[in-house]
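These are the residues of each chain, in order.
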Amino acid sequence: MKMIGRASCAVGLALALLLSSCNLPGLPAPSASAPTANTTRVSHLQLSEAEDAQTLDPAQIDDPTSLAIGAELFQGLTRLDATLRPVPALAQSWEITESARVYTFHLRAAKYQSGATVHAQDAVTAWKRALAPETASPLTTFFAPLGARYPGDALTGVQAVDPKTLVVRLPQPDSSLLTRLALPPYWLDDPGLKGTVSSGTGPYHLDKWDRGRGLHLSAFSDYWGPRPQVRGVDIEIEPDNPKRLDRFTSGAVDIAHGFTGPQLLAFARDPQHLSELHKIANTRTTYLGFNTIAGSGYGPPERMAIAQAIDKARLTDLALYGSMLGAPATDLIPPGVAGHLDRPLTGFDPVSARTGLDQAGFPAQIGLYFSTNSTVGRVARDLQDQISSATGRVVNLHPTGDFFNRAALDQLPLFIDTWSADFPYPSDVLDNLLASNSQFNNLRLTDPQVDADLAAAKAVTVWEAAIRAYQQAEEVVLADHRLIPLYSGVEPYLVRPGLKVPFSGGTIAYRWEDVR
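Before going further, it helps to examine the side chain of threonine 286. By secondary structure assignment, the location of threonine 286 is in strand 12 (residues 277-290). For threonine 286, a relative accessible area of 2% puts it in the buried group. Here the side chain of threonine 286 touches threonine 418 through a polar contact of 2.7 Å, side chain to side chain. Discounting residues that sit within four places of it in the chain, threonine 286 has contacts with Ile416, Asp417, Thr418, Pro485, Leu486 and Tyr487.

Dropping the structure here:
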């Protein structure tokens, strides 16, 4: 798990930005600058990042830059399409049998960039290596569906039947498996290469890595998939934000990333820059939660009144730099996670908010708890102003240094919390936040219907049915205002005019081979 300006100016700017973006809110969808009539085909990309990759070892990748680059070098049995649905990659097909406990994958003819042929046994080797204590992988919990979570846990139930057939037996059904297989540590690399050298099956191979300065990659000529139109990619590492922005505005960079909220706010004040700014949904959502033990005084009418006291658009404008770093939430599941809906959540209605609390005989003071994170602090201060103005109550802020410990001990009646999903599937959000037995259920929610829906979602074999079951579980909680979604995170990118980048959001914002 992971400065306030004048409201009228911020709201106007955010509205203009919202109208300029077709991504948010809503399900992830392709979004890019509209190409001009004389747009030429792109054969080379020049990218600029604030941070270098930490590693290009599939068993170790745990930071955004490494993930973005690694996704072009390596592949798993599946990949995620533009809607974040798992589709074939190294596995060209599969069957799910025995009540969703057995997956039989049929591998396609594919080669590593080393020239070696991909075999089913390579998956067994790669996954065992990721679980080995000496690898010290930070990603071992990704193997939970296979019955392993910690370094040193045995990998059982995975068998290479022949060079092109892999059978995976799960201890219990888990519909998240196909999504997890598209991400590290499930990516395959050539097991014949030893040491620090890796060789994947992705559309690009690494030619040069000057650590801290840049990387050069080129298209893999024996790639099993469609030939990438983009034949070469250079990534410069420029930690100095003003210099990186200068590189972009001068035309030296095609796509730039890693800017701060204030910097983007200043950049977007020039209307000519609006078409260059793309705010892409990520897997993070921030919400208000009511703990059922410490917050027992918040019944359904009180929780609804608090929801009616909040103007989410104003919140993201003032606390998130003109909505540069977030969008008003329409769901607990963020737009960068499969299953997101644009739900008709309770809207801003200050008159009803005050009336509701008055009729319920609610006390004159409200305590709001939150971590000492600076962003959350800005959010809390604006919520203090909004809720106080709407309800006539005094809102007392409680920045809490040991927030997570106190939340787990049911000591926070009303709190601001954030969840970042490690993979873009609803189980990573809902199973963690809503299931009765979850370590991170700081609501202390226990609801048989929610648990039943979550269990059903995990057990079904049809992707659409699993998504619907997760959405039904969430609906129970949102309808009763057990929590109030505030905003969903976005990741801003700058894209030069005329370049079409089909952003999809989630953990991997876009793919180089799809750029036009």
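Having seen the model, we can carry on.
What follows concerns the pattern of salt bridges. Under the defined criterion, the tally for this structure stands at 18 salt bridges. When the shortest N-O distance is used, the salt bridge between arginine 247 and glutamate 236 registers 2.7 Å. With arginine 247 in helix 5 (residues 241-249) and glutamate 236 in strand 10 (residues 232-237), the pair connects residues that are 11 residues apart, well separated along the chain. With a relative accessible area of 14%, glutamate 236 lands in the buried category.

Looking now at unusual backbone geometry. At the junction of proline 184 and proline 185, the peptide bond is cis and its omega measures out at 15 degrees in the coordinates. On the secondary structure map, proline 185 appears in the loop between helix 4 (177-180) and strand 8 (204-210). Its identity as a non-glycine residue notwithstanding, glutamate 98 has a phi of 50 degrees, on the positive side. By the element assignment, glutamate 98 lies in the loop between strand 4 (91-97) and strand 5 (102-107). Judged by relative accessible area, glutamate 98 falls into the exposed class, the value being 58%. With a phi angle near 55 degrees, tyrosine 321 is a residue other than glycine that sits in the positive phi range. Secondary-structure assignment places tyrosine 321 in the loop between helix 8 (312-319) and strand 13 (326-328).

The next point concerns helix 3 (residues 120-131). The end-to-end C-alpha separation of helix 3 is 18 Å, in line with the 16 Å expected for 12 residues at 1.5 Å each. For helix 3, the set of buried residues is Ala120, Asp122, Ala123, Val124, Ala126, Trp127, Ala130 and Leu131.

Attention shifts here to the nonpolar core. Counting 98 residues, the largest nonpolar core has Trp127 and Leu166 as its most contacted members. At 8 residues, the largest contribution of residues to this core is made by helix 14 (residues 463-479). Setting aside chain neighbours within four positions, we find leucine 166 in contact with Leu77, Tyr103, Thr104, Phe105, Leu107, Ala120, Ala123, Val124, Trp127, Val158, Gln159 and Ala160. Among the nonpolar cores identified, the runner-up in size contains 29 residues, and Ile310, Leu315, Ile366 and Leu486 belong to it.

Attention now moves to the environment of isoleucine 255. The residue isoleucine 255 is located in strand 11 (residues 255-257) in this model. For isoleucine 255, the contacting residues outside a window of four places in its chain are Gln46, Leu47, Ser48, Tyr493, Leu494, Val495, Leu499, Val501 and Tyr510.

Before going further, it helps to examine the packing of helix 13 (residues 448-459) against helix 14. One can describe the packing of helix 13 onto helix 14 by two numbers: an axis separation of 8 Å at closest approach and a directional angle of 165 degrees. What the angle tells us is that helix 13 and helix 14 run roughly antiparallel. Handedness of the crossing formed by helix 13 with helix 14: left-handed. In this structure, helix 13 uses Gln449, Val450, Asp453, Leu454, Ala456, Ala457 and Lys458 to contact helix 14, whose residues at the interface are Ala466, Ala469, Tyr470, Gln472, Ala473, Val476 and Val477.

Cut-off values and rules
- Residues numbered from 1 in each chain as written.
- Predicted model: local features only at pLDDT ≥ 70, side-chain atom pairs only at ≥ 80, totals over all residues.
- Heavy atoms only, no water.
- Helix = DSSP H or I, 4+ residues; strand = E, 2+ residues; numbered from the N terminus.
- Buried < 20%, exposed > 50% of the residue type's maximum accessible area, 1.4 Å probe, protein only.
- Polar contact = N/O pair within 3.5 Å; in protein donor to acceptor, adjacent residues only side chain to side chain.
- Contact = heavy atoms within 4.5 Å.
- Salt bridge = Lys/Arg side-chain N within 4 Å of Asp/Glu carboxyl O.
- Expected span 1.5 Å × (residues − 1).
- Core = buried A, V, L, I, M, F, W, Y, C linked by side-chain atoms within 4.5 Å.
- Axes fitted to C-alpha atoms, helices over the stretch in contact; angles between N-to-C directions.
- Parallel < 35°, antiparallel > 145°, perpendicular 65-115°, else oblique.
- Left-handed = near helix turned anticlockwise from the far one by under 90°.

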